[in-house]
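Residue-level structural notes
Chain by chain, the residues:
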Amino acid sequence: MSFFTSLGQYVAGVADSVAGLALSPRRAPPPRHRSADESQQQPQQSPATMRGFPRVLPTEGASALSARRRTLDCLAPAATPRRGGSLRVPRPQQVPEKPTMAFCKRRLSWPEVDNSVNSGVQETDGSYFESFTALSWRQENRRLAALRLVEARAERPPPAPQDLGLPSVSAQLSHKEHEHLYNEVLYCIENAVGAPAPDGQFASYKEEMIEYARRAFRVPPDVHMRALRAAGSERPPTVVLGCAVIEADGLEAKDANGFSDPYCMLGIQPASLPASPRASEDEGRKHGFRLSFKRRDGRQQRDSLGRLPARYIRATSVRPHTLSPKWNETFKFDIDDISSDVLHLDIWDHDDESSVLDAVSRLNEVRGVRGLGRFFKQVCQSARQGSQDDFLGCVNIPLREIPSTGVEAWYKLDARSQRSSVQGRIRLRLWLSAREAGRHDDDNWQQVRQHERLFAVLLSHEVDMAMSGAAGGAESEGGEWEGELCVAAQTMLHQHAVQGDMSLLQAAIARFAAACKLNSEVPVDPKYMHKLLMELEKEWNASASLSAGGSEASAVTTRDEERWLSGCFCEYVERALHQLRLHRDLYPVLHHLSLTRLEFLLRCLNQVSQMKAFWRCCPFNNEIRSEIVSALRKGTAEWYEALCAQDTDSERGEDLVNLITLVQIDLQQGLTYYHPLFETTNNVPYFSVVFTQIDKMVSEDVRQCVELWVAEGWCGVAEEEIFDEHGNGMCIVSAKTLPFEVLAAVRELCSAASPSPTLHAAHDPPPQLVEAYQWFEPLIDRWLAVTKTMALQRVRASVELDRAVEGEQIVKHSTSSVDTAACLYHMRMVWRAIGGAEEGTVGGGLRLLEAACATALHYADLVHGALADQGYYENHGQNKSTEEICTIVNNLEYVRRSLCEYDDDHIANDENARQLVRGALGTLDSRATRAAAPLAARARPPLRKAVFHLAWSPDTLPTPQAITPLLEFLDQHLSSLNTWLLPRVFIRALAGCWSAVLKEVSAQADAGGAEKPRVYHHRLREALDLLAEFFHAEGKGLPMTEVHNAEWLRLEQRMQYHQAPTEELLERWLADRLMEQTRTPMPSPYGSILVRVYFNHDSLCVEVLSARDVIPLDPNGLSDPFVVLELLPKRLFPKTHEQITNVQKKTLNPIWDECFEFGVSLEACRSPQATLAMSVWDKDVLTADDFAGEAFISLSRVPGVNCHAAPDPLRPIELPLMQLHDRNHPILQILESRTTDKLAIDFVKKQRLRFAEQ
């Protein structure tokens, strides 16, 4: 053989060897595999100039695998040539970035399905379902219309009480009374008493008051002048000083016990009293009652004063043993000249029984004493008979300084001279009044009634002025009087009360009585009435406290005043209660001033109910709170009857729905506005009172209407025959929804009427309207029966009118699914609107669910039947495009999703209802899954090709690059499905595609024969992980629990088995058999074997004792069993051989009782893989032995090997016998595919004999 021939054979052998090792025989691809650009950029190099090893070319006898790999080498990246001898380290090849996959991205703004599409199916049944679903917006329209009426009423001022039938009582005076009162007012103004009040009170000028009186009384100028001259010519009234000696404090102690027995002596110092002859001596001394009758220089000075009544001096009672006496005694003095007279008061300490006090007390009864000197002299002489009282101090108060409002203050006590020493102070209350001739001091009843009439005139004038000013103003809302009289009116009333010697309580009573009388004719602002009531209560309590603390107990008011006040209270309360009956009209909730007026009206009633004056004058009156409740009930009944009296031409039930809507609006507004006012002011549960009354009246009307509908046979639909212009008749189906509109309105009324349980009293009976659903049940049962029939008809019509819906941002679907889903939606909405979900019976709910499920299943049956007739399932959807398949699947899913809405909390406790709905959902799911099966089947051929190229890609090509074509195909395919399918259907299609990918990868892993490259299964294993990440899509695709499903686990296990050597697979097989041995129960169908195994010194002893219930394998029904013992795996026991027992003839329960020893090491037996395999065979002479069963024992647990073994090592072990059943076990399949591996082939042949017969 020549040298060149040997060299050619050597090269050919090297090429075959390299191809068998799955290594690339070339450093770079040949030029024919490069692109045109690379060929132009990289100049061709001649073989003589190429450095490195020469390229090895295969000979004509190369294997087919090498040729196939050479074809796929074009996918490998070309290596950059490097200069020979260069020391530069080549850069590591950069791993290309993983392509961004967009198949799982979905815009959240997609509407998915066009719900507004209209196929015209509604016209086939007269929009039956839409008519019932429109109940909600019809009711909303009615509610909005009612609100608009309320708002329009709020824009107008509330009507006058007279317009609403509220009785009016005239408070006008007769002409004679009017003239007399006007003269009295002018006389009062002309003879005003008292100094100006402090802080500018009642500071109106005389001319202002006269002019205001003329305007208020509406007197002509000429009449006014005559009355004014007459008032000025009359005799002025007598001015009266009232003095209340209240208490003193800090007096000087004059008695030995450290106290005094003080009393007061007070009187008027006239302006005509002449000065003493020794006025120069007495300069600086204070005048005293005893100063003028003291003896000086042995002579008595006599003063001639003329006539002076004895009542000009008064004395209080004695308060013994105190320095802070409290008297609370009142005195009155007639005043001659208020501008110059002085009130003089002395405080004395009472010392004996006969004193100045007694003399003054006796002389208080004297009348007509001539001369003040003689008067004081008699007082002095009577005081000189015994001891003399001690002087404690005096006070001089000029009367001209007393304001018309009176004064109450502490006055410091003064001494009589500079040599006197006094201390302390006294508290006095002083006021002025006037008395006309012929009137007794304590009789001012006529003045009080006159004050009432005067206040009524002035108050009416103020209200009229406010109303006239409002009528003249363009922007005014009505006559709103601010509740304050002008200064002239206040001054006039003040002077009239002062001159009439009226107490503050009498003035308050008169003003309240006048306001009550005027309120009966013209409404008076409740805020002002509340102010008058507060003043009356204040003065009543003050008078009661003074009366209780005074020295003389007296009643707060007279009998006449109590009767008068009682009448005023009753009149005002009756008027207020009548206004509360009409509160909806008088005080509309949206008017900006009405609620304020109502609030103060309620406050007035609450104030009256708490006033002591009211219960003193009206002891037998009913409680105000109960009266308010009665007024609300009566007013609500009258208001409801007025609404019912409004006749309209509407259909029966339409008026009732409108009425209930108005009642609902009234209740809601009452709860929002009226209820807090009544609750906070008078503790009246307004809402509960009103709703109880309304519930009674509405329930009666609703029951009557329902009885009529039941008698007429209402069922929700009616057929009407109409004729066209040619006289041709046609039947038109229309929905009749009035009963359900009434029921929906009643339910809304109940829901609005029970926002909180606290609004209803505990003793209130349950509302009758709560049971309204039970009244409508006969009508609801008829509606359910008709609705099911109408739903099935609509589904059939929708399928006949079906057409595809086109759109850029919607999934593939057609009109039939939208129509069917709308039908289900309408049924559910109507059921909720009438309260069937909350209040319906179990039977009614089941009937609705039956109708809904029948509707959805009927649609699925129609779709399924059409597909079956077209041969869709037989030819695996070949007659449909992918978009058409997506449309079908989406339709079924959309209907299923609509039916899912019925599976809510309302049927959670009803097992029958849940089974009904979920059974229908399962049927729809199975139909959709079967219809979507072709989607995954169509992707199988491209997937198979892409997986094939992935598996057979060059070894130098990284797996992330090799899998790119597969991922790009999947991304394109799934992106289209994601755009066309609903989310749930897409996830299902994604799972089907993942299953198809796993099947193709599994098929590719098991294919290829012995010529697979070295990295074949390793690449598929890496590709499997990349595919799992791809389908998971960072949480936007399949969840990892579905990605790593049972099929993926099996494939991963097969990948591991493919990559494992034969010895490792055999050991895994052995571990599986050991595991199965532990799981096999006793007794076994193949019998059992009894053995004893233990380790003794340096050998393993196995005693095969017996077996029982061995399966018969001979024609005679018996067997000839023997046992084969073997230690596995061979790598642990390479030198041991099989050992066989004797054959026991014709028995199923053989007894061997034989012992065998295996020379093995203890360390080998302690290995977890060390196993004793025992197989039972049936001995045959002419044919091969039959397999009867096998058993396995782990040697690591036998006595002598395991220190924790059972304490009785001689105890035998009974093991069940087993046979193989899984002929497709992955280990056996993989070992069987290794045709060039003798160990694998022998093992498979051996195991094939041990399979159980089928």
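The name an unreviewed UniProt entry assigns to the protein chain is BAI1-associated protein 3, from the organism Bicyclus anynana. Comment text from UniProt for the protein chain, heading Sequence similarities (unreviewed entry), reads "Belongs to the unc-13 family."

Interaxial distance between helix H15 (residues 559-581) and helix H17 (residues 594-610) falls to 11 Å at its minimum, and their mutual angle equals 140 degrees. In this view, H15 runs oblique relative to H17, as classed from their interaxial angle. H15 and H17 meet at a crossing whose hand is left-handed. Each of Phe569, Tyr572, Val573, Ala576, Leu577, Gln579 and Leu580 in H15 lies in contact with H17, whose residues at this interface are Leu598, Leu601, Leu602, Cys604, Leu605 and Val608.

This part covers the packing of helix H29 (residues 940-951) against helix H32 (residues 983-1006). Between H29 and H32, whose axes approach to 9 Å, the crossing angle comes to 45 degrees. Our classification of the angle between H29 and H32 gives oblique. Helix-helix and strand crossings are classified by hand; for H29 and H32 the assignment is right-handed. When H29 is examined against H32, the residues Arg940, Leu943, Arg944, Val947, Phe948 and Ala951 are found in contact with a partner set consisting of Ala996, Val997, Lys999, Glu1000, Val1001 and Gln1004.

The subject of this paragraph is the packing of aromatic side chains. Scanning all chains against the criterion turns up 23 aromatic pairs. A ring pair is formed by Trp348 and Phe391, whose centres lie 5.4 Å apart and whose planes are at 75 degrees; its orientation type is edge-to-face. Note that Trp348 is positioned in strand S5 (residues 342-349) and Phe391 in strand S6 (residues 390-398), a separation of 43 residues in sequence. Assigned by exposure class, Trp348 and Phe391 land together as buried. With a centroid separation of 5.2 Å and 70 degrees between ring planes, the pair formed by Trp1177 and Phe1187 is classed as edge-to-face. Within this pair, whereas Trp1177 is found in strand S18 (residues 1171-1178), its partner Phe1187 is found in strand S19 (residues 1186-1194), the two being separated by ten residues in sequence. In this structure Phe1187 comes out as buried when scored by relative accessible area, which is 8%. Taking NZ or CZ as reference, Arg425 lies 4.0 Å from the ring centre of Trp410, over its face. Residue placement shows Arg584 over the ring face of Trp639; its charged tip is 4.5 Å from the ring centre.

In this section: the sheet that holds S18. Strand order across the open sheet formed by four strands is S16-S15-S18-S19, with antiparallel pairing between neighbours. A strand with exactly one partner marks an edge of an open sheet, and here the two such strands are strand S16 (1139-1140) and S19. Of the strand pairs in this sheet, S18 and S19 are connected by eight bridges, and their pairing is antiparallel. Note that in S19 the partner of Ser1175 across the bridge is Glu1190. Contacts between helix H36 (residues 1062-1079) and the sheet are confined to strand S15 (1121-1128), S18 and S19, with S19 contributing the most and set at about 90 degrees to the helix.

The amide bond that connects Met1082 to the next residue, Pro1083, takes the cis arrangement and shows omega of -5 degrees. Relative to the elements of secondary structure, Pro1083 occurs in the loop between H36 and strand S13 (1088-1096). Cis geometry is found at the peptide bond from Leu1128 to Pro1129, where omega equals -5 degrees. Of note, Arg218 is a non-glycine position whose phi angle comes to about 55 degrees, a positive value.

Here the focus is the sheet that holds strand S2 (residues 262-269). Where strands meet in a sheet, backbone hydrogen bonds hold them as pairs that are either parallel or antiparallel. Strand order in the open sheet formed by four strands is S3-S2-S5-S6, with antiparallel pairing between adjacent strands. At either end of the open sheet lies a strand with only one pairing partner, and these are strand S3 (313-315) and S6. Mean inter-strand twist for the sheet, computed between neighbouring axes without regard to direction, equals 15 degrees. Bridging between S5 and S6 involves eight bridges; their strand directions are antiparallel.

Criteria and cut-off values
- Residues numbered from 1 in each chain as written.
- Predicted model: local features only at pLDDT ≥ 70, side-chain atom pairs only at ≥ 80, totals over all residues.
- Heavy atoms only, no water.
- UniProt positions renumbered as here; feature names shortened; annotations may be inferred.
- Axes fitted to C-alpha atoms, helices over the stretch in contact; angles between N-to-C directions.
- Helix = DSSP H or I, 4+ residues; strand = E, 2+ residues; numbered from the N terminus.
- Parallel < 35°, antiparallel > 145°, perpendicular 65-115°, else oblique.
- Left-handed = near helix turned anticlockwise from the far one by under 90°.
- Contact = heavy atoms within 4.5 Å.
- Phe/Tyr/Trp six-rings, centres within 6.5 Å; stacked < 30°, edge-to-face > 60°.
- Buried < 20%, exposed > 50% of the residue type's maximum accessible area, 1.4 Å probe, protein only.
- Lys NZ or Arg CZ within 6 Å of the ring centre and 35° of its normal.
- Pairing = 2+ DSSP bridges.

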